[in-house]
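# Working through the structure, step by step
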Amino acid sequence: MDDPEKDFNVYVGTETGILKGINLNKKAVIHKNLHNMKALDREQEITSMAWGDEEQTEVLMGLRNQTIRIFDTDAKAFVSSRRISVGEGPIVSLARVDGITITAVRSGQVTLWREEPVEINALTSGEFLTCMRQNPASQNMIATGGKENDLQVWDLEHPEEPIFKAKNVKPDMLQLRVPVWVSGIAFLEDQHSVAVSSRHKHVRLYDPQRQRRPTLSFEWEESPLTCINSVLSNNSQVVVGTAHGRIGLFDLRGKKPEDPLFVYKGFSGAVRDAMVHPKQPLVFSVSIDRFLRVHHLTSRKLLFKEYLKSRLNCLLVRENLEASDFIPSTQKTVKQRMNFTKPATNSKKNPAVDLCIPDTDWESLTK
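First, a word on what this report is: a plain description of the structure on this page.

Here is what the cut-offs are and how they apply
Residue numbers here run from 1 along each chain, matching the order of that chain's written sequence. Note on the predicted model: pLDDT of at least 70 is required for a residue's local features to be given, and 80 or more for side-chain atom pairs to be given and counted; whole-chain, interface and lining totals, by contrast, use all residues. Hydrogens are left out, water is left out, and the side-chain values use all remaining heavy atoms of the structure. Note on pairing: two strands pair once DSSP finds at least 2 bridges between them. Here a helix means four or more residues in a row that DSSP labels H or I, a strand means two or more in a row labelled E, and each is numbered from the N terminus. Axis lines are fitted to C-alpha atoms, over the contacting stretch for helices. Their N-to-C directions set the angle, which ranges from 0 to 180 degrees. Note on aromatic pairs: the rings of Phe, Tyr and Trp (six-membered ring only in Trp) are paired at centre separations within 6.5 Å, and the planes decide the class, stacked below 30 degrees, edge-to-face beyond 60, tilted for the rest. The buried label applies to any residue whose accessible area, calculated with a 1.4 Å probe on protein chains only, is under 20% of its type's maximum; exposed applies above 50%, and partly exposed to all values in between. Two conditions define a charge located above a ring, namely a distance within 6 Å from the ring centre to NZ of Lys or CZ of Arg, and an angle within 35 degrees of the ring normal. What is meant by a nonpolar core is a set of buried Ala, Val, Leu, Ile, Met, Phe, Trp, Tyr and Cys residues, joined one to another through side-chain atoms within 4.5 Å. Note on contacts: a residue pair qualifies if any of its non-hydrogen atoms lie within 4.5 Å across the two residues.

### Details of the sheet that holds strand E16 (residues 182-187)
With respect to topology, four strands assemble into an open sheet ordered E16-E17-E18-E19, the strand pairing being antiparallel. Of all strands in the sheet, those with a lone pairing partner are E16 and strand E19 (216-219), marking the two edges. The mean angle between the axes of side-by-side strands here comes to 15°, regardless of whether they run parallel or antiparallel. Alignment of E16 against strand E17 (residues 194-198), held across five bridges, turns out to be antiparallel. Looking at the pairing, Ile 185 lines up with Val 196 of E17.

Below, the structure written as structure tokens:
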């Protein structure tokens, strides 16, 4: 694995606490457990992952027992491990800005680990926090959400109060309150719009500069939505995963945003995490059936399907992927073209069969 061309291009975190490195290419699929565990411990479950720097040489991992681990992709070794004691519950999300690690735990505490830690209470109402997402265009901006805790956007330079706090949609036709359970958050490329998925089957789009209620809200399928991620090559598209094993690609500013442009199938369990590569038309996903899958964005073709033995939670994909390693060529090879134009066999070895029937035989056949 010393050759950089054969380095791991996908990293996956598992329920058993194992970090797996995968190298995907057309010739072979290589996957390896990046640390040995004598005894599998559910308390070391990897609940979240993020890149630690822009060069993607560090993998940040948040564990169920509130431990932060750092894996160096160049040295292929764990270089740091730190146990935090903040609130209660596992680390649900983590990020990094200017070398400072940010963690969010289930009980709602979002912490900036400076010399003097700065703590934000993102759970002023509701039951628990389920996700935190950093704005890739403005890293000082984060969004949080959870069960009965609607979307909030925070500026880390002024963490006293959220700069945006979403308001629930109006009651339904029976005048009943619509429940809230944010399961995923995605910032769109216009830097201010935020898309949200819900365990109650909702996909919502917010524009904090216009109003507190969502500008778009619809339901998809009879299944809880588990994750959402934006398509960086398109300002209005997102991919959404479900608990029944489907991924849909939606255009939130299209003519019919509630109808998926494409649906990616082939799963045997809930989709845990899904993302579109920022430079290549590839959809990466991990699901509860222990498979890593790669679909083509537009043709929906399943390019890779690899069984990884463990229950998978989250994944990271390198940006420097080569399209030729994933997208098969549609051009015929020289050998295929030669076979296609190959002349007929020699008539001397295989003489032609005379299909002419004499008139006398026709008369006997028609009697």
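### Thoughts on the packing of aromatic side chains
Working definition: an aromatic ring pair is given by the centre-to-centre distance plus the angle between the planes. Here the structure, examined in full by the defined rule, presents nine aromatic pairs. Summarising the aromatic geometry, the rings of Phe 218 and Phe 250 are spaced 5.5 Å apart at their centres and angled 45° between planes, so their arrangement reads as tilted. Within this pair, whereas Phe 218 is found in strand E19, its partner Phe 250 is found in strand E22 (residues 247-251), the two being separated by 32 residues in sequence. We classify Phe 218 as buried; its relative accessible area is 9%. Overall, Phe 250 belongs to the buried group, its relative accessible area being 0%. A connected cluster of aromatic rings, assembled from ring pairs, spans Phe 8, Tyr 11, Trp 51, Phe 71 and Phe 78. Sitting above the plane of the Phe 128 ring, Arg 106 keeps its charged end 3.8 Å from the centroid. Taking the ring centre of Trp 181 as reference, the NZ or CZ of Lys 147 above it sits at 4.6 Å.

### Examining the nonpolar core
Formed by 17 residues in total, the largest nonpolar core has its most connected members in Val 10, Val 12, Leu 24, Phe 284, Leu 292 and Leu 315. Only strand E1 (10-14), strand E2 (19-24), strand E25 (282-287), strand E26 (291-296), strand E27 (302-307) and strand E28 (312-317) provide two or more residues apiece to this core. Once residues within four sequence positions are removed from consideration, Val 12 is found in contact with Ile 18, Leu 19, Lys 20, Ile 22, Met 49, Val 286, Leu 308, Leu 312, Cys 314 and Leu 315. If you look at the next biggest cluster of nonpolar residues, it comprises 15 residues, including Leu 188, Leu 225, Val 240 and Val 263.

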